[in-house]
Amino acid sequence: MQGSRVKDLLAASHAQGSVEVRGWVRTRRDSRGFAFLEVNDGSCLNNIQCIVDEGTEAWDHLEGVNTGASVCVRGALVESPGRGQKWEVHAASLEVFGLADPSAYPLQKKRHSDEFLRTIAHLRPRTNKYGAVFRIRSEAAWAVHDYFRARGFYYVHTPLITGSDCEGAGEMFRVTTQPRGASGAEDEFFGRPAALTVSGQLEGEAFACALGRIYTFGPTFRAEHSNTPRHAAEFWMIEPEAAFNDIWDNMELAEGLVAHAVRHVLTRCPDELGLLDAYVSPGLVESLQRMSEGAFARVSYRDAVRLLQESGSKFEYPVDFGCDLQTEHERFLAEDHFKAPVTVYDYPRGIKPFYMRQNDDGETVAAMDLLVPRIGELIGGSQREERLDRLERRMAELGQDMKDYWWYADLRRYGSVPHSGFGMGFERLVMLLTGVSNIRDVLPFPRTPGNLEF
Ligand code: 4AD
Ligand code: MG
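Since the structure is predicted, the reported quantities are computational estimates derived from the model, not experimental observations.

*Asks:* What's the story with the site of ligand 1 in this structure? I'm lost.
*Replies:* Close to ligand 1 lie 25 residues, the nearest being Glu167, Gln201, Glu224, Glu239 and Glu377. Between ligand 1 and the protein, one listed contact pairs a nitrogen atom with a side-chain N or O atom of Ser199 at 3.0 Å. With respect to ligand 1, the side chain of Gln201 contributes an N or O atom lying 2.7 Å from a nitrogen atom. Across the complex, the protein chains shield 93% of the 620 Å² of accessible surface that ligand 1 would expose by itself.

Quick look at the structure:
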């Protein structure tokens, strides 16, 4: 018998006979003649209160049961006379799976800093805050799949080991079987240099040009040395790609995805959001509610630069046409100016990768970034250059070796179509949904420069 999940017991509509709960003790309080155990099994934020009375068989097994111990409680689910919970379990028997030495167990009942909890990333999901974050992360992933599936997108698994640098930014981790120091293409396992992928986009385009609408959702890797609260060396990315979609269709798809994920989590995780609103990010629920109503702004890069220049704000980095927007600029636009998620489009071609479709003005490409309050860039995408001659010219200008991309060029050679797509950083979405401000705290086991514990 598997027993019951606390989540289901707390939602029970009437008292039940005998139930069985397996979980971890959050707190133990002793009184004369009885003890309270607050048991949490991870199924939801709430604990179930179990009362152990002197004289029961359960009472005989209480020795050493403290915060962190794992137990199985069998007993009756009855209406609770106390405040704060509807149901409680009157324990008949108590089985202990594993004790937790109170003098050593690091998660005692007090508030711990995020920095400390990162050093015990194997234990932190047992806290209320991290439990909430990772249940929301799970729901957010389901929301992504639901969204694309409902719109006829097929889920494609693109490779993690690759020979091409999609973003052309040279931030790839090498993959090799050779010991440190050895080199030479002839030693390579694959017969050529290999790396961990920074994006599944190029392979995704091949499938979009066959299945029509596809998305990927998997890990990506970037050897960026920027130690910021928004960058990780390993993160998950969602990349839809749709044949016959232009940049405007792409923006709609991106805005719809964010609004859908927000609505999904508002509906499915009210308790988790309530906790995060109270203790992590005041105003979170209200800001998500506003986003779910779907007021998204759009502005061209050219106008965005003008807004920034005329804002009167002091920025660390100056803004001018041709510069890449910094996080401070992105946050100004989303937080202060539009007070909503905003899509900036038509960026200068000089700061964007080779695959973006060149606009007729000769200066810009059909790029789009969706910026959100508190984080900045959540999504980056574009319409793709479907004209072979333009693509080849641009790759030559950027010094990219066409022979590595022969198959990518083939997509333009045989039945080329207008198409577009984007990449959404999944952790940044989870940051948006939880109000957590550091990417290290929404990744189960974060990988960042200098950090590979666990
Ligand atoms: O803007 P990026 O670099 O775009 C691409 O990789 C395109 N190939 C996507 C596409 O069009 N199919 O990355 C997309 C998103 C960013 O907007 C950001 O949210 C996230 O991925 N991202 C990171 N998240 C965490 N850590 C990092 N180091 C990230 N780099 C990018
Ligand atoms: Mg980007």
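This is not the end of the story, as more comes after the structure.
*Asks:* What exactly am I supposed to notice about the sheet that holds strand β3 (residues 48-53) here?
*Replies:* Hydrogen bonds between backbone atoms are what pair the strands of a sheet, whose relative direction is either parallel or antiparallel. The strand order β1-β2-β3-β5-β4 describes a closed barrel built from 5 strands, whose pairing is mixed. Within the sheet, the average angular offset between the axes of one strand and its neighbour, ignoring direction, is 50 degrees. Sheet topology note: the strand β1 (residues 16-31)/strand β4 (residues 70-79) ladder contains 8 bridges and is antiparallel. Directly across from Ser18, in β4, lies its bridge partner Ala76.

*Asks:* Just to check I follow, could you spell out helix α9 (residues 327-337) for this structure?
*Replies:* Owing to its 3.6 residues per turn, the α-helix brings residues three or four apart onto one side. Inspection of α9 places His329, Glu330, Phe332, Leu333 and Ala334 among the buried residues, and these make up the whole buried set. The inward-facing, buried residues of α9 abut α8 (301-309), β13 (342-348), β14 (364-372) and β15 (376-383). After α9 finishes, the residue Lys339 shows a positive phi value of roughly 50 degrees.

*Asks:* Where do I start with the sheet that holds strand β16 (residues 419-425) in this structure?
*Replies:* Judged by pairing direction, the sheet is mixed, and its 8 strands sit side by side in the order β6-β10-β11-β16-β15-β14-β13-β12 without closing on themselves. With one partner strand each, in any of the chains shown, β6 (154-155) and β12 (297-300) form the two edges of the open sheet. Sheet analysis places β14 next to β15, joined by 6 bridges and oriented antiparallel. Residue pairing across strands places Val372 opposite Gly376, the latter belonging to β15. Each of β6, β10 (213-221), β11 (234-243) and β16 is contacted by helix α4 (residues 201-211), which is oriented at about 30 degrees to β11, the strand it contacts most. Contacting β13, β14 and β15, α9 crosses the sheet at an angle of about 65 degrees to β14.

*Asks:* Explanation requested: the packing of aromatic side chains in the structure shown.
*Replies:* Given two aromatic rings, one states the distance between the centres and the angle between the planes to describe the pair. One pass over the structure, following the stated rule, counts 17 aromatic pairs. Taken together, a centroid distance of 5.7 Å and an interplanar angle of 85 degrees make the contact between Phe315 and Phe332 edge-to-face. In this pair, Phe315 is assigned in the loop between α8 and α9 and Phe332 in helix α9, connecting sequence segments 17 residues apart. Grouping residues by exposure puts Phe315 and Phe332 together as buried. An aromatic cluster of at least three residues, connected via ring pairs, comprises Tyr147, Phe148, Phe153, Tyr155 and Tyr215. Directly above the aromatic system of Tyr347 lies the positively charged group of Lys352, at a separation of 4.3 Å from the ring centroid.

*Asks:* Whenever I open this one, the nonpolar core confuses me. Can you help?
*Replies:* When a protein is soluble and globular, its nonpolar side chains tend to lie buried together. Ranked by size, the top nonpolar core spans 59 residues in total, and within it Phe148, Ile379 and Leu429 carry the most contacts. Setting aside its immediate chain neighbours within four residues, Leu429 contacts Ala140, Val144, Ala261, Leu378 and Met424. Judged by nonpolar contacts, the second largest core, of 29 residues, contains Leu308, Val319, Phe332 and Leu371.

*Asks:* Which parts of the structure should I look at to understand the packing of helix α10 (residues 388-397) against helix α11 (residues 406-413)?
*Replies:* What describes two packed helices is the angle between their axes and the distance between those same axes. One can describe the packing of α10 onto α11 by two numbers: an axis separation of 9 Å at closest approach and a directional angle of 155 degrees. Relative to α11, the element α10 is oriented roughly antiparallel. Mapping the contact onto sequence places Leu388, Leu391 and Glu392 in α10 and Tyr408, Ala409, Arg412 and Arg413 in α11.

*Asks:* Is there a simple way to explain unusual backbone geometry in this structure?
*Replies:* Trans is the common state for peptide bonds, and a negative phi is the common state for residues other than glycine. At Asp346, a residue that is not glycine, the phi angle is positive and equals roughly 60 degrees. Among the secondary structure elements, Asp346 is positioned in strand β13. The backbone phi angle of Arg374 is positive, close to 75 degrees, even though this residue is not glycine. Counting through the fold element by element, Arg374 comes out in the loop between β14 and β15.

Calculation criteria
- Residues numbered from 1 in each chain as written.
- Chains lettered and ligands numbered in written order.
- Predicted model: local features only at pLDDT ≥ 70, side-chain atom pairs only at ≥ 80, totals over all residues.
- Heavy atoms only, no water.
- Near = heavy atom within 4 Å.
- Polar contact = N/O pair within 3.5 Å; in protein donor to acceptor, adjacent residues only side chain to side chain.
- Areas by Shrake-Rupley, 256 points an atom, 1.4 Å probe, with all protein chains shown as cover.
- Pairing = 2+ DSSP bridges.
- Helix = DSSP H or I, 4+ residues; strand = E, 2+ residues; numbered from the N terminus.
- Axes fitted to C-alpha atoms, helices over the stretch in contact; angles between N-to-C directions.
- Buried < 20%, exposed > 50% of the residue type's maximum accessible area, 1.4 Å probe, protein only.
- Contact = heavy atoms within 4.5 Å.
- Phe/Tyr/Trp six-rings, centres within 6.5 Å; stacked < 30°, edge-to-face > 60°.
- Lys NZ or Arg CZ within 6 Å of the ring centre and 35° of its normal.
- Core = buried A, V, L, I, M, F, W, Y, C linked by side-chain atoms within 4.5 Å.
- Parallel < 35°, antiparallel > 145°, perpendicular 65-115°, else oblique.

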